[in-house]
Amino acid sequence: MDDKDDLDDSLNGEFPSPRKDSDDALSSSADSEKMTESKRRRMNTPSPAFMVAASPPRFISFDQLMTAANGIANMSLAHEIAVDSNFKLEKLEPEQNSIEKQVKEIMHKAFWDALDEKLKDPPDYSHAIVLMEEVKQNLLGILLPQHQRLKAHINEVLDMDLIRQKIDNDAFDFHYYAEFVISIMARLCAPARDERIKNLREIKEVVPLYKEMFEVLDLMKMDMANFTIQQMRPYLQQQSVDYEKKKFQEFLKTQQEAGTNGLEFTSAWLERSVDKLEKLQEKASQSAEAEATATPPTYVTPARIINEAYMELLEWRDETVFPETLLMDQSRYLELRDKTWRFSLVSSILLVTYNTVGAPIAGVKDLKDKLKTELMVLLQGVNESQIHDLIGSIADRIITDVQASLKEHSFPAMDEARIKVLKGQITDVVKQDHTVNKLIKTRVLDFIRDTLMSNHRSPLKIPPGLSAVEHELSEVCGQFLRLIAHNKAVFGYWYSDIISKLLKLQEDLSPSSPAKKA
């Protein structure tokens, strides 16, 4: 069995085929809600003079672009629902003081002011037809498929022809219809909306009553959409892998038609992993040869290549373009990178603090817990580029807590010389080349790497110096493994294909290959 088959077996799983209506349901959800997508610009580099000139540019139609965009939006929505158990739709509100918000407020105020003016004596109910039709559609929009009798009842009471007849005969009563609508809303709303429904019954003025009614109906539509998502999530989790495969294949086809390699940055990402493992293999071979030991372990295998590529995400540099296959989870991977950096720094600071102060705080567990909690709070939202501006104040806080602990346990306070040394150690530990920083970082990454390579049959031992952040380390490992498992299931076929080509190229370039000997 060749390397590609090995990787197929390790990356691909069996998944049921998606239902016929899944595309339509997700397309409808994607069209109704604003989706945020990662956007990239690719720079076109001119070909060197010695290369054959490129083919004439190909043109892609607007419809093709929109088809590709809609496919990615649908895939992104399905992915979000499947991997994020807290995913929910929220009402989109314009930014404060934005032109959009001002226009929206002006238009709404104009509508309600016009209705209020029309209802003054003698009342003109011409706006009432539009209002009642909107109310009816909103009510029908929050019904579930099984609410057939309720749907018939709403259509019967909110019969627009009947309402027009009542208006023509001066028999129309806003409050009668408001009471009916509120009673239906009370039957359908989530418990969280009960207070708003109760307040509706207390409003007597027509315009404020219907204005509030529409606001509550908007919230109920969002509640119903999120309820539907919750009900669909188990199904989507089963089907999302096949769905994302299908949509990504459509995306690649569109890219190919446009003359673009849709896996350019994914290939570069995996190639970097191969290069790194080749260097490790070369060092191991040289070491084994020098020591006349047995054959060194093989580093460049499909499983190691993909795992080492994933490990690069925890040290990702912002200037590097993210692989296409990871774009939907880019923010999650970068968040895990920052979390890993933060708790690694916390461990480093605790290590230099306890080593510098020594025996007086060696057995004080409460102090370690307190320092860890405070450090995690102080570093919340901080990234590696910002730490140098904050580490001085963080060191002062640590010194204050240590002095208080020494006093509490009847130990002498640190003198100025010891304080200066401790502050220097804490401010220096943030440097990438600091010995303690490098040691802790290596232990963290090696532990996560071992987690990726292990068969999970036996628990892994937490490395020395990381016991204080055991919870954070376990949490990151769990989130990282879940993302990777889903990513492998979806994109394993393309990873297998790329890695097979890279390994074949490596074999062709090897000094011992038949091509080289020839």
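See the structure above.
I will try to describe carefully the structure that is included in this document. Just so it is clear, the model here is predicted, and its values are computed rather than measured.

As for empty space enclosed by the protein
No. 1: Per the stated rule, a full pass over the model turns up one cavity of 30 Å³ or more.
No. 2: Roughly 40 Å³ of volume is contained in the largest cavity.
No. 3: In this structure, the largest cavity is lined by His79, Glu244, Thr325, Leu326, Met328, Asp329, Asn487 and Phe491.
No. 4: Grouping the amino acids of the lining of the largest cavity by side-chain chemistry returns three nonpolar, three polar and two charged.

Regarding the pattern of salt bridges
No. 1: Taken as a whole, this structure holds 22 salt bridges when the rule is applied.
No. 2: Between Arg332 and Asp329 there is a salt bridge, with its nearest N and O atoms 2.7 Å apart. Comparing Arg332 with Asp329 shows no difference in burial state: the two are buried.

Concerning the packing of helix H12 (residues 302-312) against helix H17 (residues 435-453)
No. 1: Contact geometry of H12 with H17 gives a least axis separation of 10 Å together with a crossing angle of 140°. Taken together, the axes of H12 and H17 lie oblique to each other. In terms of crossing hand, the pair formed by H12 and H17 is right-handed. Of the residues in H17, those in contact with Arg304, Asn307, Glu308 and Met311 of H12 are Leu445, Ile448, Arg449, Leu452 and Met453.
No. 2: Looking at the contact of H12 with H17, its residues break down into five nonpolar, one polar and three charged.

Regarding the environment of Ile129
No. 1: Positionally, Ile129 belongs in helix H5 (residues 126-141).
No. 2: In this structure Ile129 comes out as buried when scored by relative accessible area, which is 17%.
No. 3: In sequence terms Ile129 and Ile167 are 38 residues apart; their C-alpha atoms lie 8.9 Å from each other.
No. 4: Contact partners of Ile129, with chain neighbours within four places excluded, come to Met160, Ile163, Arg164 and Ile167.

Description of the packing of aromatic side chains
No. 1: With the rule as written, the count across this model stands at 16 aromatic pairs.
No. 2: An angle of 70° between the planes, with centres 5.6 Å apart, marks the rings of Trp269 and Tyr310 as edge-to-face. A residue pair is termed long-range when its members are at least 10 positions apart, and Trp269 in helix H11 (residues 264-291) and Tyr310 in helix H12 qualify at 41 residues. Of the two residues, Trp269 and Tyr310, neither departs from the other in class, the shared state being buried.
No. 3: Centre to centre, the rings of Tyr333 and Phe480 are 6.3 Å apart; their planes meet at 90°, and the pair counts as edge-to-face. Here the residue Tyr333 occupies a position in helix H13 (residues 330-357), and Phe480 occupies one in helix H18 (residues 470-509), the gap between them amounting to 147 residues. Here the two residues Tyr333 and Phe480 agree in accessibility, since each one is buried.
No. 4: A network of ring pairs unites the aromatic residues Phe248, Phe251, Trp269, Tyr310, Phe491, Tyr493, Trp494 and Tyr495 as a single cluster.
No. 5: Of note, Lys368 hangs over the ring of Tyr354, and the distance from its end group to the ring centre comes to 5.2 Å.

Scoring rules and cut-offs
- Residues numbered from 1 in each chain as written.
- Predicted model: local features only at pLDDT ≥ 70, side-chain atom pairs only at ≥ 80, totals over all residues.
- Heavy atoms only, no water.
- 1 Å grid on protein atoms, 1.4 Å probe; cavity = no way out; pocket = protein on both sides within 12 Å on 5 of 7 lines; lining within 4 Å.
- Points joined across faces, edges and corners; volume = space filled by probe spheres on them.
- Nonpolar A, V, L, I, M, F, W, Y, C, P; charged D, E, K, R; others polar.
- Salt bridge = Lys/Arg side-chain N within 4 Å of Asp/Glu carboxyl O.
- Buried < 20%, exposed > 50% of the residue type's maximum accessible area, 1.4 Å probe, protein only.
- Axes fitted to C-alpha atoms, helices over the stretch in contact; angles between N-to-C directions.
- Helix = DSSP H or I, 4+ residues; strand = E, 2+ residues; numbered from the N terminus.
- Parallel < 35°, antiparallel > 145°, perpendicular 65-115°, else oblique.
- Left-handed = near helix turned anticlockwise from the far one by under 90°.
- Contact = heavy atoms within 4.5 Å.
- Phe/Tyr/Trp six-rings, centres within 6.5 Å; stacked < 30°, edge-to-face > 60°.
- Lys NZ or Arg CZ within 6 Å of the ring centre and 35° of its normal.

Treat this as a map of the structure, not an account of what it does.
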